[in-house]
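Fold and contact review
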Amino acid sequence: DQQVKQNSPSLSVQEGRISILNCDYTNSMFDYFLWYKKYPAEGPTFLISISSIKDKNEDGRFTVFLNKSAKHLSLHIVPSQPGDSAVYFCAASYAGGTSYGKLTFGQGTILTVHP
Amino acid sequence: DAGVTQSPTHLIKTRGQQVTLRCSPISGHKSVSWYQQVLGQGPQFIFQYYEKEERGRGNFPDRFSARQFPNYSSELNVNALLLGDSALYLCASSFTGRPGETQYFGPGTRLLVL
């Protein structure tokens, strides 16, 4: 039961252009969403988050958009830099059930930014 | 400030053995969560602890257990290892572990079961 899905295994972008990473979820109870970046041999690094009461959150080059009716969120990186090349995971959580505070992750999208 | 630390970084075990992984949270964080990441997939939730109490458990067999100590560090134990337990084990810490709170991850322990 994959409640959080990243349907694009990989994305290739030219340096300076926009990178758009997408994530879909099925559980309408999710109310907090996060994006993490992961380099090989390192743990995931927190990038940006958004609460379900918002539809947009910005932090520097990173913007996350949330469309609750479509159960879809996206991460925009502008401008993309070669150092952004990594695996990007979206994650979701909600206050309820037996898994309090549990993060549910998507499968990840490999972003490659070409110089 | 030091981030989340985990030890060991790498570990090789054989089927049937037992393993203990360790995690130290960020200073001031009282909650620790454990995740398993198999190659090509996202991390899967195993446990969450807060103030030494288990607060959440994922869909893992009873061979997996954990505990949290008074200094908020944590251990994950896996008994009767199977080949399928080969994975990257990640520890994450946060202030209270409540939903809506960002969890910060350590570098992970890569376990290989032969």
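Above this text you will find the structure in question.
Figured I'd write up the structure that's included with this text.

1. What about the overall build of chain B?
Looking only at helices and strands, one finds zero helices and 11 strands in chain B. In terms of C-alpha radius of gyration, chain B reaches 13 Å, essentially the compact-globule figure of 13 Å for 114 residues. For chain B, the proportion of its 114 residues judged to be buried stands at 50%. For chain B, long-range pairs separated by at least 24 residues make up 54% of all intrachain contacts whose partners lie at least 6 apart in sequence. When the accessible surface of chain B is summed, it comes to about 5,300 Å², and 50% of that surface belongs to carbon and sulfur atoms. Counting 11 positive and 8 negative side-chain charges, chain B places the centres of these two groups 5 Å from one another.

2. Here's the deal with the sheet that holds strand β8 (residues 74–78) of chain B
Residues and elements named next belong to chain B. Pairing in this open sheet of four strands is antiparallel, and the strands run β1-β3-β8-β7 from one edge to the other. Lying at the two open borders of the sheet, with one neighbouring strand each, are β1 (5–7) and β7 (64–68). If you compare each strand with its neighbour and ignore which way they point, the axes differ by 15° on average. Pairing of β1 with strand β3 (residues 19–24) involves three bridges; the strand directions are antiparallel. Looking at the pairing, T5 lines up with S24 of β3.

3. A short note on the pairing of strand β5 (residues 44–50) of chain B
Residue and element names in this part refer to chain B. By the criterion of burial, β5 is predominantly enclosed, with five of the seven residues buried. Of the pairings in the sheet, the one linking strand β4 (residues 31–37) to β5 comprises six bridges and is antiparallel in character. Note on β5: the bridge partner recorded for Q36 is Q44. Between β4 and the antiparallel strand that follows it, β5, lie six residues; G40 among them carries a positive phi value of about 85°. Pairing analysis gives four bridges linking β5 to strand β6 (residues 53–57), with the strands arranged antiparallel. Residue pairing in the sheet places Y50 in a bridge with E53 of β6.

4. Comments concerning the state of the cysteines
Under the criterion given, the structure shown has two disulfides over all chains. Covalently, C23 of chain A is tied to C90 of chain A through a disulfide, its sulfur atoms 1.9 Å apart. An S-S torsion of about 60° defines the bridge between C23 of chain A and C90 of chain A as right-handed. Pair noted here: C23 of chain A is in strand β3 (residues 19–25) and C90 of chain A is in strand β9 (residues 86–93), with a separation of 67 residues, a long-range link. Shown here is the disulfide that connects C23 of chain B with C91 of chain B, its sulfur atoms set 1.8 Å apart. What sets the handedness of the C23 of chain B and C91 of chain B disulfide is the S-S torsion sign, and at about -60° it is left-handed. Separated by 68 residues along the polypeptide, C23 of chain B in strand β3 and C91 of chain B in strand β9 (residues 87–94) bring together distant segments of the chain. Given the relative accessible area of 2%, C23 of chain B is considered buried.

5. Details of the nonpolar core
Within the largest apolar cluster, 23 residues are counted, with the highest numbers of intra-cluster contacts made by F33, W35, L73, L75 and Y88 of chain A. Where this core is concerned, the elements lending two or more residues are β3, β4 (32–38), β5 (45–51), β7 (62–67), β8 (72–77), β9 and β11 (109–114) of chain A. For this core, the element with the most residues is β9 of chain A, which contributes four residues. Of all hydrophobic cores here, the second largest spans 22 residues; its members include W34, F47, L76 and C91 of chain B.

Calculation notes
Residues numbered from 1 in each chain as written. Chains lettered and ligands numbered in written order. Predicted model: local features only at pLDDT ≥ 70, side-chain atom pairs only at ≥ 80, totals over all residues. Heavy atoms only, no water. Helix = DSSP H or I, 4+ residues; strand = E, 2+ residues; numbered from the N terminus. Rg over C-alpha atoms; globule rule 2.2 N^0.38 Å. Buried < 20%, exposed > 50% of the residue type's maximum accessible area, 1.4 Å probe, protein only. Contact = heavy atoms within 4.5 Å. Areas by Shrake-Rupley, 256 points an atom, 1.4 Å probe, with all protein chains shown as cover. Lys, Arg positive; Asp, Glu negative; His and termini not counted. Charge placed at Lys NZ, Arg CZ, Asp CG, Glu CD. Pairing = 2+ DSSP bridges. Axes fitted to C-alpha atoms, helices over the stretch in contact; angles between N-to-C directions. Disulfide = S-S within 2.5 Å. Core = buried A, V, L, I, M, F, W, Y, C linked by side-chain atoms within 4.5 Å.

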